[in-house]
Amino acid sequence: MTWEVFSIIGTVAFAISGTIVALEEKYDIFGVYVLGFVTAFGGGAIRNLLIGLPISALWDQVLLFQIALVAITCVFLFPHRLLKHWHKWGNFSDAIGLSAFAIQGALFAHKMGHPTSAVVLAAVLTGCGGGIARDLLAGRKPLVFRAEIYAFWAICVGLLIGLEIVKQPIGLYILFVGTVILRVLSYSLKWKLPYRSLQSISNEQIHSK
Amino acid sequence: MTWEVFSIIGTVAFAISGTIVALEEKYDIFGVYVLGFVTAFGGGAIRNLLIGLPISALWDQVLLFQIALVAITCVFLFPHRLLKHWHKWGNFSDAIGLSAFAIQGALFAHKMGHPTSAVVLAAVLTGCGGGIARDLLAGRKPLVFRAEIYAFWAICVGLLIGLEIVKQPIGLYILFVGTVILRVLSYSLKWKLPYRSLQSISNEQIHSK
Amino acid sequence: MTWEVFSIIGTVAFAISGTIVALEEKYDIFGVYVLGFVTAFGGGAIRNLLIGLPISALWDQVLLFQIALVAITCVFLFPHRLLKHWHKWGNFSDAIGLSAFAIQGALFAHKMGHPTSAVVLAAVLTGCGGGIARDLLAGRKPLVFRAEIYAFWAICVGLLIGLEIVKQPIGLYILFVGTVILRVLSYSLKWKLPYRSLQSISNEQIHSK
């Protein structure tokens, strides 16, 4: 039951996130639906591909497809209210999708009896894979590799579920809300993961992009 | 029989289309062959991956590989005549490939007894998947998401075949020619699918690309 | 035994190559690890996908994962010494990876009893697939399609192994060193594969990028 709830929340949030990116790129209605669906179902597809499940298992999720269809159509038809502050909304729906799908992917792998490392991997792939596919199809560098802290929260989710620290539905809902808050704080406060600048190493300064 | 004819036409047209894109990007001879093959066989590979058929079924199509090899080599060796008006030719071969592969993909899924929705999906994936893979490997935003009406014709093909409105070879050939004409008209007359501009919503004006 | 040695060398070299590209793109620590792993294991994954082996066979390579993890971490923590002349190092580690993985992929397909054409394909996919995936995730046009001679050496490796011209371990080590030298000479001396300029055909001159 918990699992289904997180699937639905993640699907709606990522479908909206993909739709917004497609609108930003001025893609037409076909591109909007493709990006919406790819963002919503791409993470699960990549996870299934890499852990050896048939990708065609995707097609059993008829209810989720219908939900995604409705979500994308709503954003496409009525963007004015929702998108007045679309940048904030895009990030927020992305945060909800990340949290819900990381938990769903981790529960999925844990239920199959995989070790903790595989649970973490499933959390990261399910939580981030759709967004990476979305960014590639939009001709962008994947947000997750360079923006404020993102995948790290999926890793934490995977560890907490893989090590059975969080097990009960109530704990999972708290984990869900906590992950969303941490992700929102990450981009609000511009928390960054450490990175190394090659420029400073080679004493070059690049001012332009 | 009809099915094979459409496979051959689509393979030649998409192989040429991939070759022309690679030449535009100044890719070397290796890049030219990769893009030619990816455009010709990528759509079928993506369709097989997503509907759960083994991708390695690709390798049984020895004849189609040889045909693609000859087509790419001809364009690479003798581009002068063919490519004098290459922009037009690129679009035209792409239109033929779209039409042939959309019909081939739809027939393929219909023969396997899938429902209409899967027939439409197979038509779109087979017709558009190769072009999307080509554009990503060329570092471009996929044409199909933003250009003149493109995937919509593959959806129509899928519906007409899935609902058994077009069944006989003669009908399929008419459908093939009609789809090519509609696609050519789409870019000649710059027909567009509806799209939403976020700029107008947020009252921002962006003049630069 | 020979096979394992080439797997380890290729994994380290490509993991370093992916790490350097991620640092160049200013990706954060998550992006660094993803690009390192994708470059090291993406070629084998694409090969398995296209020749019909389960991609999840990846996860059996626990030792290689640990080696890649150490290599990426070393480059990330101590880039100063290694990366002072990072451009040269990036190309050199890429050359070692290309050579080792082309040989490993060719041996892999040959051991399975595939015909020469499949051995060549496996050499090219294993040698070049990781680099293509790395470049796409870094938002770049794949190096292999347009730079100095690259994939051609993988094709030669595939032919020499597929036709059983090189069979013994000692021959394979010579082939490995020879391929690295030829690849290094390719970019040092700027050897190019033939390409066709559409600009000269259409008498257009484009001076800007």
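Quick caveat: nothing in here was measured; it's all calculated off a predicted structure.

K.L.:
Just to check I follow, could you spell out the overall build of chain A for this structure?
P.N.:
When helices and strands are tallied, chain A shows 9 helices and 0 strands. Going from N to C terminus, chain A has its helices and strands arranged as α-α-α-α-α-α-α-α-α. Buried positions account for 55% of the 209 residues belonging to chain A. Put simply, 75% of the contacts in chain A that link residues at least 6 apart link residues at least 24 apart. Within the structure as shown, chain A displays about 9200 Å² of accessible surface, and the carbon and sulfur contribution to it stands at 68%.

K.L.:
Looking at this model, I keep getting lost on the UniProt feature "transmembrane region" (unreviewed entry) in chain A. Mind explaining?
P.N.:
Residue and element names in this part refer to chain A. The sites that UniProt annotates as "transmembrane region" (unreviewed entry) are residues 6-23, 30-50, 62-80, 92-110, 116-137, 149-166 and 172-189. Helix and strand shares over residues 30-50 are 100% and 0% respectively, and the end C-alpha atoms of the span are 28 Å apart. This span, residues 149-166, is 67% helix and 0% strand, and a straight line between its end C-alpha atoms measures 22 Å.

K.L.:
Help me understand the packing of aromatic side chains, please; the structure alone is not making it clear to me.
P.N.:
Between two aromatic rings, the relevant description is the distance of the centres plus the angle of the planes. Evaluated as defined, the whole model comprises 27 aromatic pairs over all chains. Here F30(A) and F145(B) contribute two aromatic rings whose centre-to-centre distance is 6.2 Å and whose plane-to-plane angle is 40°, an arrangement assigned as tilted. One end of the pair, F30(A), is in helix 2 (residues 29-51); the other, F145(B), is in the loop between helix 6 (116-137) and helix 7 (151-162), on a second chain. Overall, the relative accessible area of 12% leaves F30(A) in the buried class. For F145(B), a relative accessible area of 0% gives the class buried. The cationic tip of R47(B) hangs over the ring face of F108(B); the distance from NZ or CZ to the ring centre is 4.1 Å.

K.L.:
Which parts of the structure should I look at to understand the packing of helix 6 (residues 116-137) of chain A against helix 7 (residues 151-162) of chain A?
P.N.:
Between two packed helices, both the angle of their axes relative to each other and the distance between the axes serve to describe the pair. Residue and element names in this part refer to chain A. Between helix 6 and helix 7, whose axes approach to 8 Å, the crossing angle comes to 140°. Our classification of the angle between helix 6 and helix 7 gives oblique. The hand of the helix 6/helix 7 crossing is right-handed. On helix 7, the residues touching T116, V119, V120, A123, V124 and C128 of helix 6 are A151, A154, I155, G158, L159, I161 and G162. Here the residues of the contact of helix 6 with helix 7 sort into 10 nonpolar, 3 polar and no charged.

K.L.:
I'm lost on a nonpolar patch on the surface in this one. Help?
P.N.:
Residues and elements named next belong to chain A. Nonpolar side chains collect at one region of the surface, where V177, I181, L182, L185, L189 and W191 lie side by side and expose about 490 Å² of accessible area between them. Looking at the secondary structure, you find L189 in the loop between helix 8 (169-188) and helix 9 (198-201). The class of L189 is exposed, set by a relative accessible area of 52%.

K.L.:
Would you take a moment to explain unusual backbone geometry for this structure?
P.N.:
Glycine aside, residues mostly have negative phi angles, and peptide bonds mostly take the trans form. Phi is positive for E164(A), close to 60°, though the residue is something other than glycine. Take E164(A): its relative accessible area is 39%, and that puts it in the partly exposed class.

K.L.:
What exactly am I supposed to notice about helix 6 of chain A here?
P.N.:
Given 3.6 residues per turn, any residue in an α-helix points the same way as the ones three and four places further on. All names here are of chain A. With 22 residues, helix 6 extends 31 Å between its outermost C-alpha atoms, agreeing within 8% with the 32 Å of an ideal straight helix rising 1.5 Å per residue. The largest bend in helix 6 amounts to roughly 40° and is located at C128. Looking one or two residues beyond helix 6, the residue adopting positive phi is G139, at roughly 70°.

K.L.:
Help me understand the environment of G129(C), please; the structure alone is not making it clear to me.
P.N.:
Residues and elements named next belong to chain C. Along the chain, G129 falls in helix 6 (residues 116-137). For G129, a relative accessible area of 5% puts it in the buried group. With 87 residues separating them in the primary sequence, G129 and G42 have C-alpha atoms 6.2 Å apart.

K.L.:
Honestly, the side chain of S99(A) in this entry has me stumped. Any pointers?
P.N.:
All names here are of chain A. One can find S99 in helix 5 (residues 86-111). Overall, S99 belongs to the buried group, its relative accessible area being 0%. For S99, the contacting residues outside a window of four places in its chain are L175, F176, T179 and V180.

K.L.:
Help me understand the packing of helix 2 (residues 29-51) of chain C against helix 3 (residues 62-77) of chain C, please; the structure alone is not making it clear to me.
P.N.:
Residues and elements named next belong to chain C. The geometry of helix 2 relative to helix 3 is characterised by a closest axis approach of 10 Å and an angle of 135° between their N-to-C directions. Considered as vectors, helix 2 and helix 3 are oriented oblique to each other. As for how helix 2 packs across helix 3, the hand of that crossing is right-handed. The segment helix 2 lies against helix 3, with I29, V32, Y33, G36, F37 and F41 engaging L64, F65, A68, L69, I72, T73 and F76. In terms of residue class, the contact of helix 2 with helix 3 is built from 11 nonpolar, 2 polar and no charged.

K.L.:
Quick question: what am I supposed to make of the confidence of the model for chain A here?
P.N.:
Regions with low pLDDT should not have their predicted coordinates read in detail. Residues and elements named next belong to chain A. Looking at chain A as a whole, its pLDDT mean stands at 82, while 86% of the residues score no less than 70. Taken element by element, the predicted model of chain A shows its lowest mean pLDDT in helix 9 (54) and its highest in helix 7 (90). Between residues 201-209, whose pLDDT stays under 50, and residues either more than four places distant or in other chains, the model counts 5 contacts.

Calculation notes
- Residues numbered from 1 in each chain as written.
- Chains lettered and ligands numbered in written order.
- Predicted model: local features only at pLDDT ≥ 70, side-chain atom pairs only at ≥ 80, totals over all residues.
- Heavy atoms only, no water.
- Helix = DSSP H or I, 4+ residues; strand = E, 2+ residues; numbered from the N terminus.
- Buried < 20%, exposed > 50% of the residue type's maximum accessible area, 1.4 Å probe, protein only.
- Contact = heavy atoms within 4.5 Å.
- Areas by Shrake-Rupley, 256 points an atom, 1.4 Å probe, with all protein chains shown as cover.
- UniProt positions renumbered as here; feature names shortened; annotations may be inferred.
- Phe/Tyr/Trp six-rings, centres within 6.5 Å; stacked < 30°, edge-to-face > 60°.
- Lys NZ or Arg CZ within 6 Å of the ring centre and 35° of its normal.
- Axes fitted to C-alpha atoms, helices over the stretch in contact; angles between N-to-C directions.
- Parallel < 35°, antiparallel > 145°, perpendicular 65-115°, else oblique.
- Left-handed = near helix turned anticlockwise from the far one by under 90°.
- Nonpolar A, V, L, I, M, F, W, Y, C, P; charged D, E, K, R; others polar.
- Patch = residues over 30% accessible without salt bridge, like charges linked within 9 Å, V, L, I, M, F, W, Y side chains within 5 Å.
- Salt bridge = Lys/Arg side-chain N within 4 Å of Asp/Glu carboxyl O.
- Expected span 1.5 Å × (residues − 1).
- Bend = angle between axes of the 7 residues up to and from the residue.
- pLDDT = per-residue confidence, 0-100.

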